[in-house]
Amino acid sequence: MDLKQLQLLVDLVEAGSLSKVCAARGIAQSALSKQIAALERDFDAKLFHRTGRGLVLTEFGQAIMPRVGSILSEADALRDEIRAHAGVPSGPVRLAMQTSITQFVVGALFQRVLRDYPQVELRLMEGFSGSIEEWLANGRADVGVLARYEGVHAARTDEALNTAGLYLVAPAGDLLTAQPQMKFADLANLPLVLPGIPDGLRLMLAETARKFEVPIHVAVEVDSLTAMKEIVAGGSGYTILTRQAVHFELAQKRLQVSQIVEPALTRTLVLSTSVHRPMTLASRAVASLIREIGRELQQD
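This is a predicted model, so every value here is computed, not measured.

A word on the overall build of the chain
(1) Moving on: Each helix and strand counted, the chain has ten helices and twelve strands in total.
(2) Moving on: Expressed as lengths along the three principal axes of its C-alpha atoms, the size of the chain is roughly 70 × 50 × 35 Å.
(3) Moving on: Considering the chain as a whole, with its 300 residues, one finds that 45% of them fall into the buried category.
(4) Moving on: Long-range contacts, defined here as pairs at least 24 residues apart, represent 74% of the contacts in the chain between residues at least 6 apart.

Thoughts on the pairing of strand 12 (residues 266-273)
(1) Moving on: The buried fraction of strand 12 is high, at six of eight residues.
(2) Moving on: Note: strand 6 (residues 159-171) against strand 12, six bridges, orientation antiparallel. Opposite Asn 162, over in strand 12, you have Leu 269 as the bridge partner.

Notes on the packing of aromatic side chains
(1) Moving on: Counting across every chain of the model gives three aromatic pairs.
(2) Moving on: Note on Phe 43 and Phe 60: the rings are 5.9 Å apart at their centroids and 70° apart in plane angle, and the pair reads as edge-to-face. Of this pair, Phe 43 sits in helix 3 (residues 29-43) while Phe 60 sits in helix 4 (residues 59-86), placing them 17 residues apart in sequence.
(3) Moving on: With a centroid separation of 6.4 Å and an interplanar angle of 55°, the aromatic rings of Phe 184 and Phe 212 are classed as tilted. Taken together, the residues span a long stretch of sequence, with Phe 184 in the loop between strand 7 (181-183) and strand 8 (191-194) and Phe 212 in helix 7 (residues 200-212) at a distance of 28 residues.

Some details on helix 2 (residues 18-25)
(1) Moving on: When we look at burial in helix 2, the residues that qualify are Leu 18, Val 21 and Cys 22. Mapping the buried residues of helix 2 onto a view down its axis gives an arc of 105°, with all of them on the same face. Every exposed residue of helix 2 that faces more than 90 degrees away from the buried side is listed here: Lys 20, Ala 23 and Ala 24.
(2) Moving on: Turning to helix 2, the residues buried within the fold contact helix 1 (3-15), helix 3, strand 1 (48-51) and strand 2 (54-57).
(3) Moving on: Where helix 2 ends, the next residue or the one after it, Gly 26, has phi of about 70°, a positive value.

Observations regarding the nonpolar core
The tendency in soluble globular proteins is for nonpolar side chains to be buried as a group.
(1) Moving on: Membership of the largest hydrophobic core comes to 21 residues, with the highest contact counts inside it found for Leu 95, Leu 109, Val 145 and Ile 290.
(2) Moving on: Of all elements in the fold, only strand 3 (91-98), helix 5 (102-116), strand 4 (120-127), strand 5 (143-149), strand 12 and helix 10 (281-299) reach the threshold of two or more residues within this core.
(3) Moving on: If you tally residues by element for this core, the top one is helix 10, at seven residues.

What counts and what doesn't
Residues numbered from 1 in each chain as written. Predicted model: local features only at pLDDT ≥ 70, side-chain atom pairs only at ≥ 80, totals over all residues. Heavy atoms only, no water. Helix = DSSP H or I, 4+ residues; strand = E, 2+ residues; numbered from the N terminus. Buried < 20%, exposed > 50% of the residue type's maximum accessible area, 1.4 Å probe, protein only. Contact = heavy atoms within 4.5 Å. Pairing = 2+ DSSP bridges. Phe/Tyr/Trp six-rings, centres within 6.5 Å; stacked < 30°, edge-to-face > 60°. Arc of directions from axis to C-beta. Core = buried A, V, L, I, M, F, W, Y, C linked by side-chain atoms within 4.5 Å.

Listed below in structure tokens is the structure:
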């Protein structure tokens, strides 16, 4: 067996599905099945049960996974150390980015990485803050850009990039958001379209609602920014976002917004890093570029 086979094992466990791994790797299912069979011959034991819901590790598979993860982490650390001695940022950087700001950051970031650090391989994952926190905690992501909200616990690696106000987002022509500002109390019982818990926005809203005794009604939980905006544009509810997150829809007059005040709600965009392993030269270089772009966003 080799490291590529061990990484395949980890990918299968995380995906829980042959089809997902086939799609990610661009290979046929028959070829992947042969690789699994070869790995099981090397181990002289069965690794997976195939069920109607996907792949499930056997008892033997569960027993060896911690050791497999340790071997891959050691190999990654060795590669990082070799690159660090070369003094040139290189190798993969797994970047997890908040969905609502990807369109404003990722284009400029990839351009600058290609220009300044051509040996860095940037791998992008996109999600809401809860998912990004999980990816940073378990080492799936090296660097994260995510939203933090007042009163919600922050990680010790957080570094603030910029702060923006939050708005109630409504379909164009909505009467409640006709004025530039509205009170938090006006959110009472509105049908809100929001990400699921443990998203930081949900936690902050729940705490603010409790403090000011305002009943909040989450009509739909949606973990997709595009879907959230489409639901609101279709007249089926409201959501809460920064103005930046709906910039294009405002220009197209599909949505309109009103800033929430009394109390004012804000979102702070932060740069955070994984404590799963030390930062590499490549990760530090990407983090530096993100800070640069963050400053530009704040000025805009």
